[in-house]
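The residues making up each chain are set out below.
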Amino acid sequence: MSAEEVGDILCFFINGKKVTEDHADPETTLLSFLREKLRLTGTKYGCGGGGCGACTVMVSRYQPATKTIIHYSANACLLPLCQLHGAAVTTVEGIGSTKTRIHPVQERIAKAHGSQCGFCTPGMVMSMFTLLRNKPQPSMEDITQSLAGNLCRCTGYRPIIDGCRTFCQEANCCQSNGAKDCCLNGEGNTDEPEHGEPQLFDKEKFLPLDPTQDLIFPPELILMAETANPQTLTFRGERMSWVSPVSLDELVQLKTSNPKAPLVMGNTNIGPDIKFKGILHPLIISPARVTELFQITQTPQGVWVGAGCSLTEVRSLLEKLVPQFPEEKTELFRALIQQLGNLGSQQIRNVASLGGNIMSAYPNSDLNPVLAAGNCKVSVISKAGGRRELPLNHDFFVSFGKTILKPEEIVVSVFIPFTIKGEFVRAFRQAPRKESSFSTVTTGMRVLFSEGSRVVQDVSIYFGGMGPTTVSATKTCASIITRPWDEETLSRAYDVLLDELVLPPSAPGGMVEFRRSLTLSFLFKFNLEVLQKLREMTVITDGLPEKTQIQALPREIQHSLQEFQHVSEGQSDQDPVGRPIMHRSAISQATGEAVYCDDMPHTDGELFLALVTSSRAHAKIKGMDVSEALRLPGVVDVITTEDIPGMKTRPMFGYEEELLAQNEVSCVGQMVCAVVADTRAHAKRGAAAVKIEYEDLPDPVFTQEEAIKKSSYFEPRRMIEQGNVTEAFKTVDQVHEGEFQMGGQEHFYMETQSMLVVPVGEEREFNAYVSTQWPAGIQEVIAQTLGIPSNRVTCHVKRVGGAFGGKVVKTGILAGITSVAAWKTNRAVRCVLERGEDMLITGGRHPVLAKYKVGFMNDGRIVAADIQYYANAGNAVDESVLVAEKILLHIDNAYNIPNLRGRAAACRTNLPSNTAFRGFGVPQSLVVVENMVNDVAMALGRPADQIREINMYKGPSITHYKFEFSPENMHRCWDECKVKSDYSARRKAVDQFNQQNRWKKRGIAIIPIKYGIAFAESFLNQAAALVHIYKDGSVLVTHGGTEMGQGIHTKMQQVASRELHIPTSKIYISETSTSTVPNTCPSAASFGTDANGMAVKDACETLYQRLEPIRQKDPKGSWESWVMAAFFEKISLSATGFYRGPDLYMDWDKMEGKPYAYFTFGACCCEVELDCLTGDYRTLRTDIVVDIGRSVNPSVDIGQIEGAFMQGLGLYTMEELKFSPTGVLYTRGPSQYKIPAVCDVPLRFNVYLLSDSYNPHAIYSSKGIGEPVLFLGSSVFFAIKDAVAAARSDSALVGPFSLDSPATPERACLACASPLTQKIPASKPGSFKP
Ligand SMILES: Cc1cc2nc3c(=O)[nH]c(=O)nc-3n(C[C@H](O)[C@H](O)[C@H](O)COP(=O)(O)OP(=O)(O)OC[C@H]3O[C@@H](n4cnc5c(N)ncnc54)[C@H](O)[C@@H]3O)c2cc1C
Ligand code: FES
Ligand code: FES
């Protein structure tokens, strides 16, 4: 092979070590190289598309021109390995480890309880580490900006922010960075915890930040960069080549010869296209070393910025220039800075280039509308055309992803002009999430006034998100130009704009009315800002009424309170129960040493499995052609249902779910077959090559409405009634009927479904390493699928990177399929779903349609209610019937409604089957009930909290299923929440704010919860444990619960420590496995600690008693000496423990039972501020009071509360699954599906654990807490609804109105029914295909 064919040697550094690759494949990303080649598995795979931040690393480069080293965070999943020549990469392993010493960032995030499942933690650590590398004393704004692109599904972010806050020395950061008395002694924040109150962590003990710990930049790379004659580099892979020229001439030449080859800079457009759309580019040109593309030239008219500059560099450049010039010259610069601050995430902006953003010509590019409105231009070069300059205007952006440039033309630089006196430029954007999210609509607007007048000399308005590319509102501009900027002109302009930018009802991206209304809102906002400017310039003198002024929503995160009780005075110092002990793996998680399923080393001959899923919602499988797949390199086999040696289906509630479809498919995403190959990439290519022929079957059912029409249900449907509802309706003063639609929710655990099944090689034995909540369930599925006894299958679970109910049933089916592949090939088989596959295949929370009728008296008493729920179960029954039952068991929530009827049905549809999700139907059930109570309040024109109070259970109470309980602690939570949140005063303040503001409204809501704990299926209320004491005194605890971030292992360690009277440091928990503790129940229903805690306690008590005679003999001995003595006295140092839980049941025929062991109570008050023009909102403050008895571990429990609340906030206000009319899930990754990020954390987020509460039904008087608080996230929904109601009343709309969940900006904005949105004609449902 010639040198040319072989390619050059890629040279870079990772964690201070030189890496040379002589076969660098351009298709390899840094992430796969780190994880698969170097086995640096601390950097995680969460989405592969730059949307989650789990893969964040720091890249450092030497810049010869300035002789400086720059450091920036980047997403390793988007970084092509070949791009790294000459760079130094730092991963989480490079900054600290438990073997050497940990870095302060790792320590502080861990000790502040910022790591639960830990899967996001290395990414968080690296974002924060990079920030500190560049700015050792960051501001809070810096911190939140740098974490904006890192998603966490467990913690609710508050503890991560608090850990990072300790590096910040702003006045509002108390005792920051070890500096005492930062603000506690000042006038201060009255919300700071008082001295003597227990704290979740002790800042005083943190390691100081010591930059000398950081790796130095490799001198060899400096030498390399200083080399006078850099050479063109070429790298060749299996399917792609990569050329990195060093001069502009060479680049031009290359592009001329290969016009179709993309220029890859940040790879943030090309990378996702390759990965998600399967686009193959045989050649990639990397201009990253062509210095002309990075030049900055200032002229009297403006500044030329090299097209290769990253967006971060562009922003810093503009920020540097702004103070150097008079304000009037930098209008455009400032609009761009604002837009750049919100575009993508820090990691994306650090690599994405200016030229790349322009040339990607995204329909919703945030920069292009501003660049175009601001009269920017580009300088391009090509061999044939030489250099030319082109304006960035409506002619430049041709269509989706296309510009006017010829394929061989290269953008060298971009000219950003100064503005002149009388010229104003503004940018606005509205996105599904405030940060790290493509905009729904984005705009750049510029107006130039004739000197000293309000007459418009020039105006340009461009929008993104309103067509296939950046569009100009040319006619609107024409209607404004030469006219005075006044009411009349603007009013005409709105109408012209409305006519000009029409979107067909079926426009890609949907949200047509909202997008159209945003164009008007932005013009309206621009108008207000321009008027303000004209007023400042005294061109106009009329005052702007305060009501119409708009400011940005508040964003400053404040201190939060976490209040919990001290342990009792007599408790021994060594006894950890009741103390805020850090998650036992938090440090390993923060250093990247914690091992998740896909971090396990590959075994010899291991294969990877990729699934082939149905592309049809309802069809017959006519044929399957796997021949092409089998011919592809690396493909070993294709697994179909024929290959399953045992049970081919999973039975549930009398229905059968096929592991792999045989004759028919009933949803898009149903698994049909699987391809196994030597590598991940080969398996995926193989799966893509399988051809399936379908014949569509008629009438697929997608929605609950369709299911109702066709009576398509999974039986049994359930009904429950107390009193006589029909009769009661005849006696009430008023009756109100309503309907509520609630969307589903994707689990979005950060670690996707992962498993490794290894044949042991003899006697049909298998080891399965699975990320699951239910190891025994996996063991059973594998045994039944392979037709072997359970004793041949061991399932091991070390830890789970988040689960939330999604890793029970669905994981079993995937494990069954993977085990068949391991069986057939007799090799270890690994299956790790891509994020998109996971979202497509595994279903989530059930969407619910509810219809209700409520009868009430004029004094607010609700006398009768009849609620009918329809849950969309999808194509398989899964646990849907149980979900429907749990919905009905909670329809009373906190209220004693004497005549109450509920009916629930699980609708069978042709969507992917839904499954368990934290709360298991309760969040759907209760939001409907609370919405109904809200309607009553609105109908009566009374505050909702009053109606809630009037109807709450009081005194000894009995539920609608005849279960006796005391609501006392529920009232205590409610009352305390009102006091702590200062509800009454804030209610008044909110009303006052609303009177003073027309376009921004505040809303406040307080919501109670009563949540039943334990399984109504009695047999599930059991647990077992196995405890070994070794001769050296160390203790190994095993129990049936799986560690998925909820801290169960930490709590079990605390239990064992108390019972054995030894410190937790002597106790270890390695994993959960079916060979140590058999027949376990899933870790679910908030019952893990209750059940397993008792089992661990039981085992430890046995052991402690066994040691009693030894202790008696030698009371002065040590634990170690007693253990050794016991060994010599032949006393067993191993014991099992067992917990037989309560006998619970529900008799649906009699409509009564005791389905719960007890209730967890809580209340939550939230206040939001809503921008009525865009629907954007911010949660200003949240106060949650929860009764969890006596917490075993307050930090873990508060973590569960905050995490569940944020997941609920996501459910009710942000997270929206979107399907095509043919049942194809559109939302398959973090780019399309928005879970809450740092920007969504309430600005003040207080949690109080109710004091003096005891619970005789659970270990150490604690209560289950995993699920209940999720529903309290709905208080944000109801606060938004309250704000919307205030906006509606300004439009003279009063009384109940409907707002479905999630209350996205789209829904909230349209519900406000402002005069602007009322201009938009609604598309008739059914008249178009969405
Ligand atoms: C997670 C994520 C979030 C994002 N969020 C936003 C957002 O909120 N707002 C927004 O506007 N954008 C957003 N983006 C898009 C991002 O800004 C663009 O992908 C990026 O700017 C493209 O630059 P790049 O250097 O990465 O391009 P590359 O992917 O490297 O290249 C993109 C294209 O541009 C061409 N190209 C690049 N440079 C030149 C040049 N000098 N001359 C000619 N052609 C060239 C290439 O040939 C290629 O076709 C997001 C992207 C991701 C992945
Ligand atoms: S894995 Fe890279 S951002 Fe999600
Ligand atoms: S701790 Fe952040 S995703 Fe689990």
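Residues numbered from 1 in each chain as written. Chains lettered and ligands numbered in written order. Predicted model: local features only at pLDDT ≥ 70, side-chain atom pairs only at ≥ 80, totals over all residues. Heavy atoms only, no water.

Draft legend 1. A look at the overall build of the chain. When helices and strands are counted, the chain shows 36 helices and 50 strands. The dimensions of the chain, computed from C-alpha atoms along their principal axes, are 90 × 85 × 75 Å. Buried positions account for 64% of the 1330 residues belonging to the chain. Considering only contacts in the chain between residues 6 or more positions apart, those separated by 24 or more positions represent 77%. Summing over all exposed atoms, the chain offers an accessible surface of approximately 47000 Å²; the carbon and sulfur share of this is 52%. Each charge class in the chain can be summarised by its mean position, and for the 133 positive and 146 negative side chains these summaries are 1 Å apart. (Helix = DSSP H or I, 4+ residues; strand = E, 2+ residues; numbered from the N terminus. Buried < 20%, exposed > 50% of the residue type's maximum accessible area, 1.4 Å probe, protein only. Contact = heavy atoms within 4.5 Å. Areas by Shrake-Rupley, 256 points an atom, 1.4 Å probe, with all protein chains shown as cover. Lys, Arg positive; Asp, Glu negative; His and termini not counted. Charge placed at Lys NZ, Arg CZ, Asp CG, Glu CD.)

Draft legend 2. Up close: the site of ligand 1. Close contacts around ligand 1 come from 31 residues, with Met265, Gly266, Thr268, Ser353 and Asp366 the closest. For ligand 1, an oxygen atom lies 2.8 Å from a polar atom in the backbone of glycine 266. Measuring from a nitrogen atom of ligand 1, one finds a backbone N or O atom of valine 411 at 2.9 Å. Here the element with the most residues in the shell around ligand 1 is helix H13 (residues 354-360); it accounts for five residues. Of the residues assigned to the shell around ligand 1, the class counts are 14 nonpolar, 14 polar and three charged. (Near = heavy atom within 4 Å. Polar contact = N/O pair within 3.5 Å; in protein donor to acceptor, adjacent residues only side chain to side chain. Nonpolar A, V, L, I, M, F, W, Y, C, P; charged D, E, K, R; others polar.)

Draft legend 3. Expanded view of the packing of aromatic side chains. Evaluated as defined, the whole model comprises 29 aromatic pairs. With centroids separated by 6.4 Å and ring planes inclined at 20 degrees, the aromatic side chains of phenylalanine 766 and tryptophan 823 adopt a geometry described as stacked. In this pair, phenylalanine 766 is assigned in strand S32 (residues 766-770) and tryptophan 823 in helix H24 (residues 809-825), connecting sequence segments 57 residues apart. By relative accessible area, which is 29% here, tryptophan 823 ends up partly exposed. Here the aromatic residues Tyr953, Tyr961, Phe963, Phe965, Tyr1156, Phe1159 and Phe1161 are joined through ring pairs into a cluster of three or more. Lying over the aromatic face of tyrosine 1177, lysine 434 brings its terminal NZ or CZ to 5.0 Å of the ring centre. (Phe/Tyr/Trp six-rings, centres within 6.5 Å; stacked < 30°, edge-to-face > 60°. Lys NZ or Arg CZ within 6 Å of the ring centre and 35° of its normal.)

Draft legend 4. Main features of the confidence of the model for the chain. Taken as a whole, the chain shows an average pLDDT of 95; of its residues, 96% reach a score of 70 or greater. This stretch, residues 171-191, has a pLDDT under 50; its non-local contacts, to residues over four places away or in other chains, come to 42 contacts. (pLDDT = per-residue confidence, 0-100.)

Draft legend 5. Geometry of the sheet that holds strand S7 (residues 241-244). If you trace the three strands from one edge of the open sheet to the other, you get S6-S7-S8, paired in mixed fashion. Whereas interior strands pair on both sides, the edge strands pair on one side only; in this sheet they are strand S6 (233-236) and strand S8 (283-285). Ignoring strand direction, the axes of neighbouring strands in this sheet form an average angle of 15 degrees. (Pairing = 2+ DSSP bridges. Axes fitted to C-alpha atoms, helices over the stretch in contact; angles between N-to-C directions.)

Draft legend 6. Inspection of unusual backbone geometry at higher detail. Here the bond from glutamate 715 into proline 716 is cis, since omega is 0 degrees, no more than 30 degrees from zero. Of the consecutive residues serine 1301 and proline 1302, the connecting peptide bond is found in the cis state with omega at 5 degrees. Mapped onto the elements, proline 1302 comes out in the loop between helix H35 (1274-1290) and helix H36 (1305-1312). The backbone of asparagine 893 sits at a positive phi, close to 40 degrees, despite the residue not being glycine. The topology assignment puts asparagine 893 in the loop between helix H26 (880-889) and strand S37 (899-908). Backbone geometry places phenylalanine 920, a non-glycine residue, at a positive phi of 50 degrees. Locating phenylalanine 920 in the fold gives a position in the loop between S37 and helix H27 (922-940).

Draft legend 7. Representation of the pairing of strand S40 (residues 1000-1013). Within S40, 13 of the 14 residues are buried, which leaves the element mostly enclosed by the surrounding structure. As judged from the 14 bridges shared by S40 and strand S48 (residues 1158-1171), these two strands associate in the antiparallel manner. In the strand pairing of S48, tyrosine 1011 is matched with threonine 1160.

Draft legend 8. View of the nonpolar core. Counting 216 residues, the largest nonpolar core has Tyr157, Tyr869, Val1035, Trp1119, Ile1184, Phe1205 and Val1269 as its most contacted members. Residue contributions to this core peak at 11 residues, all from H27. Setting aside residues no more than four positions away along its own chain, valine 1269 makes contact with Ile1184, Val1186, Ile1201, Ala1204 and Phe1205. Residues Leu10, Leu81, Trp242 and Phe418 belong to the second largest nonpolar core, which totals 73 residues. (Core = buried A, V, L, I, M, F, W, Y, C linked by side-chain atoms within 4.5 Å.)

Draft legend 9. Quick peek at the pairing of strand S21 (residues 607-613). Within S21, six of the seven residues are buried, which leaves it mostly tucked inside the rest of the structure. The sheet contact formed by S21 and strand S34 (residues 829-832) spans two bridges and is parallel. For phenylalanine 608, the partnering residue across the bridge sits in S34 and is arginine 830. As paired elements, S21 and strand S27 (residues 671-677) share six bridges and run antiparallel to each other. Each residue of the ladder has a partner; that of phenylalanine 608, found in S27, is alanine 677.

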